Amino acid sequence: MDKFYKLTSQQKSLWILKDTDNGSYNIPVLLEITGKFDTKKLIDSVENVYNNTAILRSNFVVDENGNPIVKLLDTNTLTLNVVNVEDKSNMQNIIDKLVMKKFDLDNSEPLMRGVIFINGNETYLLLVFHHLIMDEWSTKVFLDRVFDNYSNNKAVPSDDTYLDYGDKDISGSSEGYWKEYLKDANYVLNLPTYKQRENQQKHVGDRVYFKVNHDIKQKIENFAKKHGCTPYMIYYSIFILLLGR
């Protein structure tokens, strides 16, 4: 019997936009592979990570009430093609089309696709994911697992931790609590500024670049891994705490 799972609040926001999506929510990864390598083994490694990672096999269907739900595709449903190309301009045209090709969320197909291009002695791996199942930070985790499996024959961990996240999503289960807790909160953050705040908010910001040394970066990544969150969440929380001092 098929088992279905709830979408997270972020996934719901993306799913609502599916009919207006023209490929803008695709996340492409293109790697140039140098040196000798085994094409078949690389394909097997990508498929191993896909088979053992529930989020990658997520498919989004509609229940009898018209609500989107997650259904897992079977393993071995991902196909990576090998394409031999004679000139790079032709390869670039194919890449452009695959990167912008819209995923059909109404059909039971993987929300990732992949192609290995061989151009003489040059080899390229193209992977394209829909943002419903992947984000920029997670691509690094995905690639680390692929190449660990390829280079070190390291077993791919079975990762289905996200499946119950929709049931525990804080934006839904704790919404009433936070509305009550923050009902008397002052939403204006009175930061010291060099000029008076304007009555009309313009949403004009700026960027400030700075470096975090390697030791602190490593501690933050370890802390995030321990608590099941991303480093971005840690950095963002620190920033919010700083503003609230």
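Bear in mind that the values here come from a model prediction, so they are computed numbers and not experimental data.

Examining the overall build of the chain
(1) Moving on: When helices and strands are counted, the chain shows nine helices and seven strands.
(2) Moving on: Expressed as a percentage of the 245 residues in the chain, the buried residues total 32%.
(3) Moving on: Summarising the internal contacts of the chain: among those between residues at least 6 apart in sequence, 69% fall at separations of at least 24.
(4) Moving on: Total accessible area on the chain stands at roughly 17500 Å², and carbon and sulfur atoms take up 52% of it.

Examining the sheet that holds strand β6 (residues 112-119)
(1) Moving on: The strand order across the open sheet formed by four strands is β2-β7-β6-β5, and the pairing between neighbours is mixed. Each end of this open sheet is capped by a strand with a single partner; those strands are β2 (26-33) and β5 (80-84). Strand-to-strand twist in this sheet, taken as the mean axis angle between neighbours without regard to direction, amounts to 15°.
(2) Moving on: As judged from the eight bridges shared by β2 and strand β7 (residues 122-130), these two strands associate in the antiparallel manner. Counterpart to Pro28 in the pairing with β7 is Val128.
(3) Moving on: Where helix α3 (residues 88-100) meets the sheet, its contacts fall on β2, β6 and β7, and the angle it forms with β7 comes to roughly 15°.
(4) Moving on: Sheet strands touched by helix α4 (residues 136-152): β2, β6 and β7. Its angle to β2, the strand with the most contacts, is close to 40°.

What to know about the side chain of Asn149
(1) Moving on: On the secondary structure map, Asn149 appears in helix α4.
(2) Moving on: On the accessibility criterion, Asn149 (11% relative accessible area) is buried.
(3) Moving on: Of the polar contacts made by the side chain of Asn149, one reaches the side chain of Asn48; its length is 3.2 Å.

A look at the sheet that holds strand β1 (residues 4-5)
(1) Moving on: Across the sheet, three strands lie side by side as β1-β4-β3; this open sheet has antiparallel pairing. Single-partner strands in this sheet number two, and they are β1 and β3 (58-62).
(2) Moving on: Note that β3 and strand β4 (residues 68-72) share five bridges and pair antiparallel. Residue pairing across strands places Asn59 opposite Lys71, the latter belonging to β4.

Side note on the pattern of salt bridges
Pairing is possible between side chains that carry opposite charge, provided their charged atoms lie close to one another.
(1) Moving on: One pass over the structure, following the stated rule, counts five salt bridges.
(2) Moving on: Close ionic contact of Asp19 with Lys18 constitutes a salt bridge, the shortest N to O distance being 3.3 Å.
(3) Moving on: The salt bridge involving Lys140 is made with Asp144; its shortest N-O contact spans 3.1 Å. On the criterion of helical spacing, the pair formed by Lys140 and Asp144 is a turn pair, its members being four residues apart in helix α4.
(4) Moving on: Under the relative-accessibility criterion, Lys140 is labelled exposed at 52%.
(5) Moving on: A residue is classified by how much of its surface remains accessible, and Asp144, at 38% relative accessible area, is partly exposed.

Remarks on the packing of helix α2 (residues 39-52) against α4
(1) Moving on: At their nearest, the axes of α2 and α4 sit 9 Å apart, and the two run at 130° to each other. By the angle between their directions, the pair α2 and α4 is classed as oblique. α4 is crossed by α2, and the crossing has right-handed handedness. Of α4, the residues touching α2 (which contributes Lys41, Leu42, Ser45, Val46, Asn48 and Val49) are Phe142, Arg145, Val146, Phe147, Asn149 and Tyr150.
(2) Moving on: Taken together, the residues of the contact of α2 with α4 sort by class into seven nonpolar, three polar and two charged.

What counts and what doesn't
Residues numbered from 1 in each chain as written. Predicted model: local features only at pLDDT ≥ 70, side-chain atom pairs only at ≥ 80, totals over all residues. Heavy atoms only, no water. Helix = DSSP H or I, 4+ residues; strand = E, 2+ residues; numbered from the N terminus. Buried < 20%, exposed > 50% of the residue type's maximum accessible area, 1.4 Å probe, protein only. Contact = heavy atoms within 4.5 Å. Areas by Shrake-Rupley, 256 points an atom, 1.4 Å probe, with all protein chains shown as cover. Pairing = 2+ DSSP bridges. Axes fitted to C-alpha atoms, helices over the stretch in contact; angles between N-to-C directions. Polar contact = N/O pair within 3.5 Å; in protein donor to acceptor, adjacent residues only side chain to side chain. Salt bridge = Lys/Arg side-chain N within 4 Å of Asp/Glu carboxyl O. Parallel < 35°, antiparallel > 145°, perpendicular 65-115°, else oblique. Left-handed = near helix turned anticlockwise from the far one by under 90°. Nonpolar A, V, L, I, M, F, W, Y, C, P; charged D, E, K, R; others polar.

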